[in-house]
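As a plain string of letters, each chain reads:
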Amino acid sequence: MKRRQFNKLLTGIAAGIGLGTALLSGQVAAEEPLKIGFVYVGPIGDHGWSYQHDQGRLAVEEHFGDKVKTTYVENVPEGADAERVIRNLAQSGHELIFTTSFGFMNPTVKVAKQYPKVKFEHATGYKLSKNLATYIGKTYEGRYVAGYVASQMTKSNKIGYIASFPIPEVIRDINAVQLALNKYNPEAELKIIWVNSWFDPGKEADAANAMMDQGVDVILQHTDSPAAMQAAERRGKFAVGQASDMSGFGPNAHLLSVIDDWAPHYIAETQKVMDGSWESAPMVEGMAEGAIVIPSFNEAIPADVVAKAEELIAGIKDGSVHPFAGPINNQAGELKVAEGEVLSWEELEKMNWYVEGVNGELPK
Amino acid sequence: MDIDLLSNILYAMVRTGTPLLLVALGELVCEKSGVLNLGQEGMLLMGAVVGFVAALLSGSLMLGFLLAILAGVAMSLLFGLIALGFSANQVATGLALTIFGTGLSAFIGSEFVGKPIDGLDPIALPLLSEIPLIGKMLFAQDPVVYLSFALFIAVYWFFRSSRPGLVVKAVGENPHAANAIGLPVMRTRYLAVMFGGAMAGLAGGYLSIAYTPLWVENMSAGRGWIALALVVFASWKVERVLLGAWLFGLASILHLVFQGLGFSISSNLLAILPYAATILVLVLLSRNQIRARLLAPISLGKPFHASS
């Protein structure tokens, strides 16, 4: 709260200075730039979720230069406060507004109704209207490839997974990893530890250490800090980075990172608004669209494993490989997806069951 | 459960408990002098960011820790100036210090997110660390953990058998009487507040240089608040602070260990253990009004005016 006001003050001062110099130099822009607003739930310094969205915003600025003007508001709590922030953006002439957290859904819907001419896009939500679209990344595609690499790199056949909260997105990704293990190394066991937080470096490191004490030698995570990567580096084990490139935190431990790259989406949507071709739609984007990226592989990974991983990525891109292709059983061994079928996004979107092979119960 | 695993759990317990122990020891001294500083979280974060940035830029972990401590002291002086100098409400001032420290640390650290440093490594003492079960826990830690043992002993001795310790207690129990017999009330309180700041700064440095060697916004994740609860949990007794810090440390890693072993205990339930324990102790303490009043320093949180 305090900090946001301070930021606003700074923005105000900066805007004042900008206006002043513009007046002094007598420059008048030939065309009004398109104003785009971004609302983040966390600090852009989280080196994870909000950081990646901000990288997308910067890419838009770089791509369009003077033709756009972007504004961002960070650390926005989900709830009534968000509505005020979004309305402020709409009121101050922003024509395209991205709200980047699930909890911004209802505030965005409300403001979108009041400003029918402004285009809104809400990340990870499911409510649509004429001027409100949704977008989400298929992280499970990257997670499946990470699961394959982990299945080949583990020596102890124990793979750890640091999980945040039992919501569909997280459950989906755990299942994707387990399906990769079932297929490529059924001997390997997946140990899941719930830390009940998206972001607590100390706890994430504790969880990583607890796993390694129990023999885990490859760690995957669905939390946002690089602490687990560091812990793995210190003890000579492997880890997979989440959301942003974490190779700097463990040059030896870092197998690969599954990155959310929002830049292509933000650039494409901005272009659509400029062309007047923007339409509301639920957009689900994965590796094929360049929204989920695995930029590099550790040199310690054998060449044939890298080649197979690249093959999986290519297959996911052209649609010949689908992590959730049947037959898939649930934990009780009942057939959930028949041979030749693929789980649809509608089913994946609300996934609340574990696939066969996952140890432990799903927390309620 | 084999002995290796147990010894690892004990090792992690002490590591996890160390930042809590440091902050709580500082706050204990501060509260014993009658000053309630709720700004621990802010001082912790400032120590963390300043320590990390100093260590990153200079390449010297030692300098990092030194500046982390100084940052904590500087923050505590700000608190002292407002709460002691101007006799402002201590609760409000402490809360403001936390908000200020959280914001300022994010501001200072924004350039340094995602930069790795080589953190402080553990030093296993020869022979001693080979002792089964407790060897790793007590003698294979990093230097800050050893320092926390020494600081615990120092604070314990300070209150048990030193004259300055008595002065701090006297000032906290009855500042007017202390003033009347010529004890320097304000100076004692300032020093106690500064000690609290130094300990919080050190704990912050421990988080960002040794525990998880990186800087990310709000990385203390509420540990300052847990330490505050810990002082109450310990009912202002030094030895119980140590016990409590390690117990809280144990409670916060135990649910991670159990999950890894596949016990089906609700992780949420285990995660609330430290807080539930604090509430339980509070209830037990306040059952007996007179005893409750005897445990807490009587002038805690009340401003002191020499004239009155």
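The structure displayed is predicted, hence computed values, not measured ones.

Could you clarify how one ought to interpret the pairing of strand β7 (residues 189–194) of chain A in this entry?
Sheet faces and side chains relate simply in a regular strand, where the side chains alternate between the two faces. Residues and elements named next belong to chain A. A large share of β7 lies buried, amounting to 5 of its 6 residues. Here 6 bridges tie strand β6 (residues 158–163) to β7, and the two strands are oriented parallel to one another. Residue pairing across strands places Gly160 opposite Lys191, the latter belonging to β7. The parallel pair β6 and β7, bridged by helix α6 (residues 168–184), forms a crossover whose chirality is right-handed.

How should I be thinking about unusual backbone geometry in this particular structure?
Excluding glycine, residues mostly have negative phi values, and the peptide bonds linking residues are mostly trans. Cis geometry is adopted by the peptide bond preceding Pro327 of chain A, which originates at Gly326 of chain A and carries an omega value of 0°. Despite not being glycine, Ser235 of chain B shows a phi value in the positive range, around 40°. If you trace the backbone, Ser235 of chain B turns up in the loop between α10 (223–233) and α11 (238–261). Ser235 of chain B gets classed as buried once you look at its relative accessible area, which sits at 1%. Of note, Trp236 of chain B is a non-glycine position whose phi angle comes to about 60°, a positive value. With respect to the element layout, Trp236 of chain B can be found in the loop between α10 and α11.

Whenever I open this one, the interface of chain B and chain A confuses me. Can you help?
Interfaces are often sized by the accessible area lost when the parts come together. Listed by partner, the interface residues are 35 residues for chain B and 34 residues for chain A. Buried surface at the junction of chain B and chain A, both sides included, amounts to about 2700 Å², of which 57% is carbon and sulfur. Linking chain B with chain A are 1 salt bridge. Here Arg223 of chain B ties to Asp200 of chain A by a salt bridge, and the two come within 3.4 Å at their closest N and O atoms. Here chain B and chain A share 9 residue pairs in polar contact (both at pLDDT 80 or more) between them. Counting residues per element, the ones that place at least two in the side of chain B that touches chain A are α1 (3–32), α4 (90–109), α9 (185–211), α11 and α12 (267–271) of chain B. For the side of chain B that touches chain A, the element with the most residues is α11 of chain B, which contributes 7 residues. When grouped by side-chain class, the residues that make up the side of chain B that touches chain A number 18 nonpolar, 12 polar and 5 charged.

What should I look at first to understand the pairing of strand β2 (residues 68–73) of chain A in this one?
Bridging between strand β1 (residues 34–39) of chain A and β2 of chain A involves 6 bridges; their strand directions are parallel. Note that in β2 of chain A the partner of Val39 of chain A across the bridge is Val73 of chain A.

Please clarify how a positive patch on the surface should be interpreted in this entry.
Residue and element names in this part refer to chain B. Residues Lys237, Arg240, Arg287 and Arg291 make up a contiguous surface patch of positive charge. Here Lys237 lies in the loop between α10 and α11. A relative accessible area of 30% means that Lys237 is categorised as partly exposed.

Sorry if this is basic, but what is going on with the packing of helix α7 (residues 201–213) of chain A against helix α8 (residues 227–234) of chain A here?
Describing two packed helices takes the angle between their axes plus the distance from one axis to the other. Residues and elements named next belong to chain A. The N-to-C vectors of α7 and α8 enclose an angle of 40°; their axes lie 8 Å apart at closest approach. When the axis of α7 is compared with that of α8, the two are oblique. For the crossing formed where α7 meets α8, the hand is right-handed. Counted together, Pro201, Glu204, Ala205, Ala208, Asn209 and Met212 of α7 and Ala227, Ala228, Ala231 and Ala232 of α8 form the full contact between these two elements.

Criteria and thresholds
- Residues numbered from 1 in each chain as written.
- Chains lettered and ligands numbered in written order.
- Predicted model: local features only at pLDDT ≥ 70, side-chain atom pairs only at ≥ 80, totals over all residues.
- Heavy atoms only, no water.
- Buried < 20%, exposed > 50% of the residue type's maximum accessible area, 1.4 Å probe, protein only.
- Helix = DSSP H or I, 4+ residues; strand = E, 2+ residues; numbered from the N terminus.
- Pairing = 2+ DSSP bridges.
- Right-handed = clockwise from strand over helix to strand, strands pointing away.
- Contact = heavy atoms within 4.5 Å.
- Buried area = accessible area lost by both parts, 1.4 Å probe.
- Salt bridge = Lys/Arg side-chain N within 4 Å of Asp/Glu carboxyl O.
- Polar contact = N/O pair within 3.5 Å; in protein donor to acceptor, adjacent residues only side chain to side chain.
- Nonpolar A, V, L, I, M, F, W, Y, C, P; charged D, E, K, R; others polar.
- Patch = residues over 30% accessible without salt bridge, like charges linked within 9 Å, V, L, I, M, F, W, Y side chains within 5 Å.
- Areas by Shrake-Rupley, 256 points an atom, 1.4 Å probe, with all protein chains shown as cover.
- Lys, Arg positive; Asp, Glu negative; His and termini not counted.
- Charge placed at Lys NZ, Arg CZ, Asp CG, Glu CD.
- Axes fitted to C-alpha atoms, helices over the stretch in contact; angles between N-to-C directions.
- Parallel < 35°, antiparallel > 145°, perpendicular 65-115°, else oblique.
- Left-handed = near helix turned anticlockwise from the far one by under 90°.

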